[in-house]
Amino acid sequence: MNILERKAQQAVEIAQSLGANMSEAYLETAKELNVEVSYQQVEAMKFADSQGLGMRVIINDKVGFAYNSDLSEEAMVATVKQAIANAEKNHIDEFNVLPKPSSSYPKLSLLDSSIHETSIEEKIYLAKSIEKEAMAFDPRVKIIENCTYQDAVYSIALANSNGITNSYEGAYCGAYAYLVAEENGDSQTGFSLDYSLSFKKLDPAKIGRKAAFRAVNMLGAKEIRTQKSTVVLDPYVATNFLGIIAPSLSAEAVQKDKSIFAGKKGKKVSSDVITIVDDGTMEGAILSAPFDGEGIATSETVLIKDGILQNYLYNSYAACKEGVESTGNGIRSSFKSTPEIGTTNFFIKPGQKTKEQLIEEIPKGLYVTEVMGMHTANLISGDFSVGAAGILIENGKLTTPVRGVAIAGNVFTLLENIDSIANDLTFFVGSGSPTIRIANMTISGI
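From a predicted model like this one, the values you see are computed outputs, not experimental measurements.

**Some remarks on the sheet that holds strand β10 (residues 308-309)**
Point 1. With respect to topology, 6 strands assemble into an open sheet ordered β10-β9-β8-β13-β19-β18, the strand pairing being mixed. At either end of the open sheet lies a strand with only one pairing partner, and these are β10 and β18 (426-428).
Point 2. Of the strand pairs in this sheet, β18 and strand β19 (residues 431-433) are connected by 3 bridges, and their pairing is antiparallel. Bridge pairing links F428 to S431 in β19.
Point 3. Strand contacts of helix α6 (residues 235-245): β8 (276-279), β13 (346-348), β18 and β19, with the helix running at about 125 degrees to β19, the strand carrying the most contacts.

Below, the structure written as structure tokens:
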């Protein structure tokens, strides 16, 4: 048992001795680095160390929570007492439970030692290389708005009064670039990002060049007339739409009748080509972990398979309410939060065709590379109306850049109208999608 596990167990013992029926201690330590460069100079560099205890107790079916960044015994006692005091003010709910240990936990490789062993100078060099590659890609790239490298090394430990004592260590790194290309009075923005569990897998040339390509490719964009045609969504845009769907696959939303998927398990909810998965055990993925924020083993959960709704995402509370097993989706953003239902590595499974094959079958359409205002989408109904930009598709070829259009509809109807999926699954931190094609969508232009 390591130091964090011992501290977590100690906090549980304190809670039980002070009268908790059930108790859980979640401990976290982290070291984070953020380096921002601008025109080959370090503009900002931040180091942050954090640690803390999140304490959850259940007394007479009432749950209480408190947290503290001080891990001394005195602070632990104070945190436990605060959690107990908070529980006394809460309402009785028979579904407030803590889990028992899972029968087994996935073995994952989450800690690349090179992330914390690599010197600061090399990390700064990586960020500068992204900027250099972007500027060298095309002379029309004029402004680098942001070019950043960041990483984090962390340890998690969890213990509860039902016998769970477990821990793991991990690290991730990533970088991104936002820039502007200009020509003849027109200016267009481009971005690119990449996050990985391995420092060696970060490719600054790829990040810089992709951001530059996105901006340059949109120079000279024109408006088009309102029309109905085939729409192809770039993986980043498709992942944005996936973010609207995720809350509706939460068992909590279903139980509160706030999900369009309520009562549809086993029924067709999308096109046959759609399979949506949440996989907390995916090798090499950013949000993989051996257990969730409650100590339950993570798993691969197929939510929609070939268009048929298979399952929802559960934490212990929602699972107890339905008498089913948790899917290991009790997610915490930090020790300061309770475990709420959330996604891990959440994605649409790729198809067989390349992106080029998917586009060459289209006589007339729009390849959407950017959407604006996705945050205004209704997460319950799925209705959306967003600004969009992209590239016109004519006779199977990408031709003219397009701006100033809008696409609107309902994301669940959109799921039904997807007729083809490419094989280029791309992750953006914890969510991912391949290029997808939607038949017959209204594009509002001039």
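**Brief notes about empty space enclosed by the protein**
Point 1. If you walk through the whole model with that rule in mind, you get 1 cavity of 30 Å³ or more.
Point 2. Its volume calculated, the largest cavity comes out at about 50 Å³.
Point 3. In terms of residues, the lining of the largest cavity owes the most to one element, α6, which gives 4 residues.

**Section: the side chain of Q188**
Point 1. Secondary-structure assignment places Q188 in strand β6 (residues 186-196).
Point 2. Judged by relative accessible area, Q188 falls into the buried class, the value being 13%.
Point 3. Within the local environment of Q188, its side chain forms a polar contact with the side chain of D186, the two groups lying 3.3 Å apart.

**Topic: the pairing of β6**
Point 1. Inspection of the sheet shows strand β5 (residues 165-183) paired to β6 by 11 bridges, in the antiparallel sense. Directly across from E183, in β6, lies its bridge partner D186.
Point 2. In this antiparallel pair of consecutive strands, β5 and β6, the connection spans 2 residues, and N184 shows a positive phi of 50 degrees.

**Regarding the environment of A406**
Point 1. By the secondary structure assignment, A406 is in strand β16 (residues 397-410).
Point 2. Between the alpha carbons of A406 and K123 there is a distance of 40 Å; along the sequence they are 283 residues apart.
Point 3. Setting aside anything within four residues of it in sequence, one finds A406 in contact with V386, G387, A388, T442, I443 and S444.

**Concerning unusual backbone geometry**
Point 1. For V429, which is not glycine, the phi dihedral falls at a positive 60 degrees.
Point 2. Among the secondary structure elements, V429 is positioned in the loop between β18 and β19.
Point 3. Under the relative-accessibility criterion, V429 is labelled partly exposed at 37%.
Point 4. Positive phi values are uncommon outside glycine, yet N440 reaches one of about 55 degrees.
Point 5. Following the sequence through the fold, N440 ends up in strand β20 (residues 436-444).

**Examining the nonpolar core**
Generally speaking, nonpolar side chains in soluble globular proteins are found buried as a group.
Point 1. Grouped together as the largest cluster of nonpolar side chains are 50 residues, with contacts concentrated most on L233, F241, F261, F384 and I407.
Point 2. Discounting residues that sit within four places of it in the chain, F241 has contacts with L233, M374, F384, I407, V411 and L414.
Point 3. Core analysis: the second largest hydrophobic core is formed by 27 residues, V35, L126, Y149 and L219 among them.

**Remarks on a nonpolar patch on the surface**
Point 1. A cluster of nonpolar residues, Y39, M135 and I143, forms a patch on the protein surface that exposes about 250 Å² of accessible area.
Point 2. Mapped onto the secondary structure, Y39 falls in the loop between β1 (22-38) and β2 (41-59).

**Some words on the packing of aromatic side chains**
Point 1. Using the criterion set out here, one finds 14 aromatic pairs in the structure.
Point 2. Site record: aromatic cluster; members linked through ring pairs are Y176, Y178, F191, Y236 and F428.

**Comments concerning the pattern of salt bridges**
Side chains carrying opposite charge are able to pair once their charged atoms draw close together.
Point 1. Under the criterion given, the structure shown has 14 salt bridges.
Point 2. Across the pair E183 and R140 runs a salt bridge whose closest N-O atoms are separated by 3.4 Å. Of this pair, E183 sits in strand β5 while R140 sits in the loop between α4 (120-137) and β4 (141-160), placing them 43 residues apart in sequence.
Point 3. You can call E183 partly exposed: its relative accessible area is 32%.
Point 4. What makes R140 partly exposed here is its relative accessible area of 26%.
Point 5. Its salt-bridge partner being E361, residue K353 comes within 2.9 Å of it at the nearest N-O pair.
Point 6. Linked by salt bridges that have partners in common, E24, R56, E294 and R332 make up one network.

**A closer look at the sheet that holds β6**
Point 1. Spatially, β3-β2-β1-β4-β5-β6 is the arrangement adopted by the 6 strands of the open sheet, whose pairing is antiparallel. A strand with exactly one partner marks an edge of an open sheet, and here the two such strands are β3 (62-68) and β6. Here the strands of the sheet are splayed against their neighbours by 20 degrees on average, with no regard to which way each runs.
Point 2. Bridge count between β4 and β5: 17 bridges; the pairing is antiparallel. Its bridge partner lying in β5, C147 is registered against A177.
Point 3. Across the sheet, helix α1 (residues 3-17) is in contact with β1, β2, β4 and β5; its angle to β1 comes to roughly 140 degrees.

About the thresholds
Residues numbered from 1 in each chain as written. Predicted model: local features only at pLDDT ≥ 70, side-chain atom pairs only at ≥ 80, totals over all residues. Heavy atoms only, no water. Pairing = 2+ DSSP bridges. Helix = DSSP H or I, 4+ residues; strand = E, 2+ residues; numbered from the N terminus. Contact = heavy atoms within 4.5 Å. Axes fitted to C-alpha atoms, helices over the stretch in contact; angles between N-to-C directions. 1 Å grid on protein atoms, 1.4 Å probe; cavity = no way out; pocket = protein on both sides within 12 Å on 5 of 7 lines; lining within 4 Å. Points joined across faces, edges and corners; volume = space filled by probe spheres on them. Buried < 20%, exposed > 50% of the residue type's maximum accessible area, 1.4 Å probe, protein only. Polar contact = N/O pair within 3.5 Å; in protein donor to acceptor, adjacent residues only side chain to side chain. Core = buried A, V, L, I, M, F, W, Y, C linked by side-chain atoms within 4.5 Å. Patch = residues over 30% accessible without salt bridge, like charges linked within 9 Å, V, L, I, M, F, W, Y side chains within 5 Å. Areas by Shrake-Rupley, 256 points an atom, 1.4 Å probe, with all protein chains shown as cover. Salt bridge = Lys/Arg side-chain N within 4 Å of Asp/Glu carboxyl O. Phe/Tyr/Trp six-rings, centres within 6.5 Å; stacked < 30°, edge-to-face > 60°.

Treat this as a map of the structure, not an account of what it does.
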